[in-house]
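The lines below spell out each chain.
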Amino acid sequence: MDTDGEIVFGPENIGLAPDEIIRRKQEVVDELNIDKLLGRSLFELSGGEKQKIACGSVSALLPDSYISSFPDIPDENAVSLENFFFTYKRRPYIFFRKRLSQDDSEI
């Protein structure tokens, strides 16, 4: 599956009209600034890019709230995703981050 298919998977499965699916996809692409990721294989993406596509696929469903957990997410990606949820979606969100360490005693 490619990134486009991942973003529209949910809206297609709930039976939205094709024009609504296209509108939602474009809205997500614009909001997350992921146009450069379109048409790419999910297997070619970095971890952060996959996280953005995952957030986009959920966002395309227009949920009432968001709960997400990203272990060991880099600070710049965390800030980007937090800004996305706060600025564009204005819906309640719970955002978990856990820093993983090579020292198991810290986990």
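Described in the following lines is the structure provided in the data block. Just so we're clear, the structure is a prediction, and the values are computed from it rather than from any experiment.

**Describing the overall build of the chain**
Point 1. What the chain contains, in helices and strands, is 4 helices and 2 strands.
Point 2. Order of helices (α) and strands (β) in the chain, N terminus to C terminus: α-α-α-β-α-β.
Point 3. Looking at the chain residue by residue over its 107 residues, the buried ones come to 36%.
Point 4. Carbon and sulfur atoms make up 52% of the accessible area of the chain, which totals about 6,700 Å².

**Some details on a nonpolar patch on the surface**
Point 1. A cluster of nonpolar side chains, contributed by Ile 67, Ile 94 and Phe 96, occupies part of the molecular surface with about 320 Å² of accessible area.
Point 2. Along the chain, Phe 96 falls in strand β2 (residues 93-98).

**Let's talk about unusual backbone geometry**
Point 1. One non-glycine residue with positive phi stands out, namely Asn 33, at about 55°.
Point 2. Even without glycine at this site, Leu 62 takes up a positive phi of about 55°.
Point 3. Within the secondary structure, Leu 62 sits in the loop between α3 (47-59) and β1 (66-71).

**As for the pattern of salt bridges**
Point 1. Applying the stated criterion across every chain, the model contains 6 salt bridges.
Point 2. Residue Glu 20 pairs with Arg 24 through a salt bridge whose shortest N-O separation is 2.9 Å. Taken as a pair, Glu 20 and Arg 24 lie in helix α2 (residues 18-32) at a separation of 4 residues, close to a single helical turn.
Point 3. Residue Glu 20 is classed as partly exposed on the basis of its relative accessible area, which comes to 21%.
Point 4. One salt bridge connects Arg 40 with Glu 49, and the closest N-O pair in it is separated by 3.8 Å.
Point 5. Overall, Arg 40 belongs to the partly exposed group, its relative accessible area being 24%.
Point 6. What you see here is one network of salt bridges that share partners, running through Glu 20, Arg 23, Arg 24 and Glu 27.

Cut-off values and rules
- Residues numbered from 1 in each chain as written.
- Predicted model: local features only at pLDDT ≥ 70, side-chain atom pairs only at ≥ 80, totals over all residues.
- Heavy atoms only, no water.
- Helix = DSSP H or I, 4+ residues; strand = E, 2+ residues; numbered from the N terminus.
- Buried < 20%, exposed > 50% of the residue type's maximum accessible area, 1.4 Å probe, protein only.
- Areas by Shrake-Rupley, 256 points an atom, 1.4 Å probe, with all protein chains shown as cover.
- Patch = residues over 30% accessible without salt bridge, like charges linked within 9 Å, V, L, I, M, F, W, Y side chains within 5 Å.
- Salt bridge = Lys/Arg side-chain N within 4 Å of Asp/Glu carboxyl O.

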